[in-house]
Amino acid sequence: MPRTSQSLSSNASLLKSKASKHAIFGVVIALVAIGIATLGVAYMKDGGISFDAVVRAQTESPTLWVLDAMPFIFALWGQYVSSIIAYEASAMVIDQTSDLRTQTTIMEQQAMRNATYDALTDLPNRILLRDRLEQAIQSASKKNRRLAVMIMDLDRFKEINDTLGHYNGDRLLKQVATRLQSVIQEPSSVARLGGDEFAILLPRISEVKEVGTIVSKIHKALQSPFVLDTLKLEVQASIGAVIFPEHGTDADTLLQRADVAMYVAKEKQSGFVVYSSKHDEHSPHRLTLMGELRHAIDKGHLVLHFQPKVNVKSNVVEGVEALVRWQHERHGLMQPDEFIPLAERTGLIKPLTHWVLRESLKQCAAWRQAGLNLCVAVNLSAQGLMDMELPDTVAGLLASNDVPAERLILEITESTIMMDKDRALQILTRIADMGVRLSIDDFGTGYSSLAYLSKMPVKEIKIDKSFVMDMENNKSNSVIVHATIELGHNLGLSVVGEGVENAEVLGILDRLNCDSVQGFHLLRPIDGQAFDEWLSKAQEKGDLHIKDGNICLTPAS
Ligand code: C2E
Ligand code: MG
Ligand code: MG
């Protein structure tokens with residue numbers, strides 16, 4: 001507390017100077033008294049006042065000698081008293097402020113801890129980790145040593161948080177922190193960077209191998225299930241590591257590259273990756289896109305395109321599939337393959353799916369108002385199906401847009417269902433019970449058991465376009481398509497052929513009794529306004545007519 005002691009000492013000197021002033025007054029009064037007494041004695045002895053009389057009075061009167069000593073006594077006494085007063089005053093001030101000081105110190109320490117430690121896990125936070133990393137870098141460069149930093153992120157934590165709630169998510173994070181602490185021993189340290197991201201600093205390593213050893217210990221520590229009441233959760237983690245000085249010589253670069261390596265580990269599902277410069281190629285782009293996508297969803301920079309699905313026998317447009325695009329200010333119109341996987345990894349898929357659902361139902365309601373019978377199909381990603389709130393969201397959006405549930409189709413892929421069969425069945429059953437139809441998209445690309453699929457409340461399968469596109473020339477694909485149509489019909493499902501690019505394929509699918517088709521041959525996906533324009537133009541040209549609200553295509557003669 002240098003500032004407090006400074007102010008105390010200056011207060012003390014102020015008091016001292018006040019005490020000294022009184023002593024000086026004493027000296028002055030004593031001097032005046034000596035003067036008056038001397039003049040009095042001189043006058044009494046000689047009957048007048050002269051220099052000789054004053055000298056005589058001073059040299060011959062013992063009473064005056066005593067009086068002469070008074071200023072010195074006053075001066076000494078004054079000095080002494082002033083010191084005592086100052087000392088006592090300081091002691092009093094110190095006494096009164098000591099409580100205050102203790103409280104301030106505690107508060108300062110608490111504030112310092114809050115700023116550098118994570119409140120949930122009590123682990124160092126990003127600020128402290130960065131600080132320790134900087135110190136470790138300094139010491140490592142002085143001693144010509146290496147150090148390692150790892151960033152660890154839990155896989156699918158977002159799902160756990162969304163499904164079980166933040167309270168349970170937090171409990172899990174605390175348990176993870178405890179297990180990490182048991183693996184990481186001094187002088188190494190573990191920190192929580194935020195969310196489900198942790199960092200581990202190994203301030204001295206001699207070989208890169210040591211990092212691998214620690215990583216295996218971490219994976220092992222996380223292996224046994226985490227228990228939350230009656231639930232047992234399996235948690236895996238992806239770890240990215242960097243080595244100083246090979247991968248960077250400052251804290252920011254090292255942390256950023258460890259993050260890049262962690263993302264690569266997540267993508268590869270390999271659990272652990274040591275950074276390499278080739279990982280950077282996609283990362284800056286990816287990191288920027290991630291931030292931009294969040295903004296794009298909020299600001300409505302996404303666009304929906306619609307592609308019709310046509311009944312082969314009746315030539316009626318049964319509905320449209322909503323396909324999302326991102327109108328990016330620099331990259332132009334981005335296709336879903338470029339950002340859906342990113343959205344899935346970063347937890348943005350939930351708001352994205354909600355946006356697509358909302359906009360699709362809005363468009364469906366507009367067509368309904370215009371007297372058109374059109375269903376709308378929305379794609380659900382694997383992560384989307386983990387969202388326990390999805391049935392309620394769908395119900396709410398259907399009601400608010402006044403669209404009957406039968407007008408909505410949700411497309412899911414086989415792999416989505418297989419990711420967590422029980423949960424998928426639970427969510428899908430709730431959605432199907434509402435009257436929403438479910439369709440298995442990209443059928444044939446997964447490894448799902450058909451026996452299992454038939455237990456799902458699905459109404460339709462869409463044969464993946466990779467089998468359909470070239471089936472006029474590819475014998476084995478046409479055999480697969482044929483078999484799938486048969487199988488689908490045997491299971492009581494409606495079958496859609498995707499990726500119909502020419503009349504020949506359309507003809508084959510018709511002969512194979514495929515129920516509906518979708519593809520560039522009929523129409524490429526276009527936005528809502530373009531779709532309406534297409535409707536009116538095609539009507540004018542006689543390529544279609546509308547009967548009882550149904551869009552009927554005129555078959556090519
Ligand atoms: P998908 O659901 O299988 O959609 C069909 C894809 O095939 C679309 O690609 C469509 O443009 C394309 N396609 C349609 N007809 C033809 C054709 O005749 N030939 C060829 N070569 N392609 C055709 P797109 O729009 O690029 O979408 C790709 C995938 O992205 C979709 O596959 C779907 O899995 C996903 N996706 C699109 N929108 C969304 C969305 O809103 N949410 C989610 N989760 N995924 C979406
Ligand atoms: Mg689809
Ligand atoms: Mg598909």
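Residues numbered from 1 in each chain as written. Chains lettered and ligands numbered in written order. Predicted model: local features only at pLDDT ≥ 70, side-chain atom pairs only at ≥ 80, totals over all residues. Heavy atoms only, no water.

Visitor: Which residues make up empty space enclosed by the protein, and what values go with them?
Guide: If you walk through the whole model with that rule in mind, you get two cavities of 30 Å³ or more. Looking at the largest cavity, its volume works out to about 60 Å³. Around the largest cavity, the lining residues are Lys309, Glu318, Gly319, Val320, Glu321, Cys375, Ala377, Ile409, Glu411, Glu460, Lys462 and Gln518. At the level of elements, strand S9 (316-328), strand S11 (375-379), strand S12 (408-413) and strand S14 (460-463) are the ones that each hand at least two residues to the lining of the largest cavity. By residue number, the principal contributor to the lining of the largest cavity is S9, which donates four residues. Split by residue class, the lining of the largest cavity holds four nonpolar, two polar and six charged. (1 Å grid on protein atoms, 1.4 Å probe; cavity = no way out; pocket = protein on both sides within 12 Å on 5 of 7 lines; lining within 4 Å. Points joined across faces, edges and corners; volume = space filled by probe spheres on them. Helix = DSSP H or I, 4+ residues; strand = E, 2+ residues; numbered from the N terminus. Nonpolar A, V, L, I, M, F, W, Y, C, P; charged D, E, K, R; others polar.)

Visitor: Pulling in residues and values, what's your account of the site of ligand 1?
Guide: The environment of ligand 1 is made up of 25 residues, and the closest members are Arg325, Asn379, Asp441, Glu501 and Phe520. Lys465 places a side-chain nitrogen or oxygen 3.1 Å from an oxygen atom of ligand 1. Take Glu501: an N or O atom from its side chain is 2.5 Å from a nitrogen atom of ligand 1. Here ligand 1 has 790 Å² of accessible area as a free molecule, and 88% of this is covered by the chains. Placement of ligand 1 is best described as lying within the second largest pocket. The set of elements that each furnish at least two residues to the shell around ligand 1 consists of S9, helix H9 (336-346) and strand S13 (437-443). No other element matches S9, which puts four residues into the shell around ligand 1. (Near = heavy atom within 4 Å. Polar contact = N/O pair within 3.5 Å; in protein donor to acceptor, adjacent residues only side chain to side chain. Areas by Shrake-Rupley, 256 points an atom, 1.4 Å probe, with all protein chains shown as cover. Sits in = over half its atoms within 2 Å of the grid points.)

Visitor: Break down the coordination of the magnesium ion (ligand 3) for me, citing the residues and quoting the values.
Guide: Donor atoms from the polypeptide that coordinate the magnesium ion (ligand 3) comprise Asp441 (OD), Asp442 (OD), Glu498 (OE) and Glu498 (OE), at 1.9 to 2.6 Å from the metal. Mapped onto the polypeptide sequence, the residues donating to the magnesium ion (ligand 3) form the spacing pattern D-D-x55-E. Between the two metal centres, the magnesium ion (ligand 3) and the magnesium ion (ligand 2), the spacing is 4.1 Å, with Asp441 acting as a shared donor. A residue pair is termed long-range when its members are at least 10 positions apart, and Asp441 in strand S13 and Glu498 in the loop between strand S15 (494-497) and helix H17 (503-511) qualify at 57 residues. Here the two residues Asp441 and Glu498 agree in accessibility, since each one is buried. (Donors = N, O, S within 2.8 Å, 3.2 Å for Na, K, Ca; no water. Buried < 20%, exposed > 50% of the residue type's maximum accessible area, 1.4 Å probe, protein only.)

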